[in-house]
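# Structural characterization, general
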Amino acid sequence: MRTSINLTPALGLLVIAAAIGSAFPVLADQDRVAAGAKLAQDVAKGNCLACHAMPSDAKAVTSANIGPPLVAIRARFPEREQLRRQVWDAGSINPDTVMPPFGKHQILTTQEIDLIVDYLYTL
């Protein structure tokens, strides 16, 4: 006895997934890091340099010292999600922080936060 499988719904989902994927291009790792650096250093976006020094990035020039220097990020945040939560809403971790809740207040999109985390993980 032969059974048949209706692949139409599955194929429809594949077409939708492909269309969505083309709307959000996948960047190579180095492109993601570069995009994250640009966002982190953009005064109108992440503006990390307003509070943090990034001594390992020669392009990140600042004398800011409000927040801790962004060094040894992987050692400080061994779990990527930990760092992501910090950027999303540092107040949920430390209620006394002065760091803006970039995700919670929609200052940055989810995708922008992920790119910044990619960049920070290189510091």
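Refer to the structure above for everything that follows.
Quick summary incoming for the structure in this document. Bear in mind the structure is a predicted one, so any value in this text is a computation, not a measurement. (Residues numbered from 1 in each chain as written. Predicted model: local features only at pLDDT ≥ 70, side-chain atom pairs only at ≥ 80, totals over all residues. Heavy atoms only, no water.)

### Side note on the environment of Lys104
Locating Lys104 in the fold gives a position in the loop between helix 4 (80-89) and helix 5 (110-120). Not counting residues within four places of it along the chain, the set of residues in contact with Lys104 comprises Trp88 and Asp89. (Helix = DSSP H or I, 4+ residues; strand = E, 2+ residues; numbered from the N terminus. Contact = heavy atoms within 4.5 Å.)

### Overview of unusual backbone geometry
What you tend to see is this: most non-glycine residues have negative phi, and most peptide bonds are trans. For Asn47, which is not glycine, the phi dihedral falls at a positive 50°. Note that Asn47 resides in the loop between helix 2 (29-41) and helix 3 (73-76). The residue Gln106 is not glycine, and still its phi comes out positive at about 55°. Along the chain, Gln106 turns up in the loop between helix 4 and helix 5. By relative accessible area, which is 71% here, Gln106 ends up exposed. (Buried < 20%, exposed > 50% of the residue type's maximum accessible area, 1.4 Å probe, protein only.)

### Here we look at the nonpolar core
Membership of the largest hydrophobic core comes to 22 residues, with the highest contact counts inside it found for Met54, Ile73, Leu83, Tyr119 and Leu120. When contributions to this core are tallied by element, the ones reaching two or more residues are helix 2, helix 4 and helix 5. With 6 residues, the top contributor of residues to this core is helix 5. Once you skip the residues sitting within four places of it in the chain, Ile73 turns out to touch Leu83, Leu120, Tyr121 and Leu123. (Core = buried A, V, L, I, M, F, W, Y, C linked by side-chain atoms within 4.5 Å.)

### Regarding the side chain of Glu112
Residue position: Glu112 is located in helix 5. Of the polar contacts made by the side chain of Glu112, one reaches the side chain of Lys45; its length is 2.8 Å. A polar contact of 2.8 Å, which involves the side chain of Glu112, links it to the backbone nitrogen of Thr109. For Glu112, the contacting residues outside a window of four places in its chain are Leu39, Lys45 and Ile107. (Polar contact = N/O pair within 3.5 Å; in protein donor to acceptor, adjacent residues only side chain to side chain.)

### A few points about the pattern of salt bridges
This model, assessed by the stated rule, comprises 5 salt bridges. Across the pair Asp118 and Arg80 runs a salt bridge whose closest N-O atoms are separated by 2.6 Å. Placement of the pair is Asp118 in helix 5 and Arg80 in helix 4, with a sequence separation of 38 residues. You can call Asp118 buried: its relative accessible area is 14%. The partner of Asp114 in a salt bridge is Arg84, and the shortest N-O contact between them spans 2.6 Å. On the criterion of sequence distance, the pair formed by Asp114 in helix 5 and Arg84 in helix 4 is long-range, its members being 30 residues apart. (Salt bridge = Lys/Arg side-chain N within 4 Å of Asp/Glu carboxyl O.)

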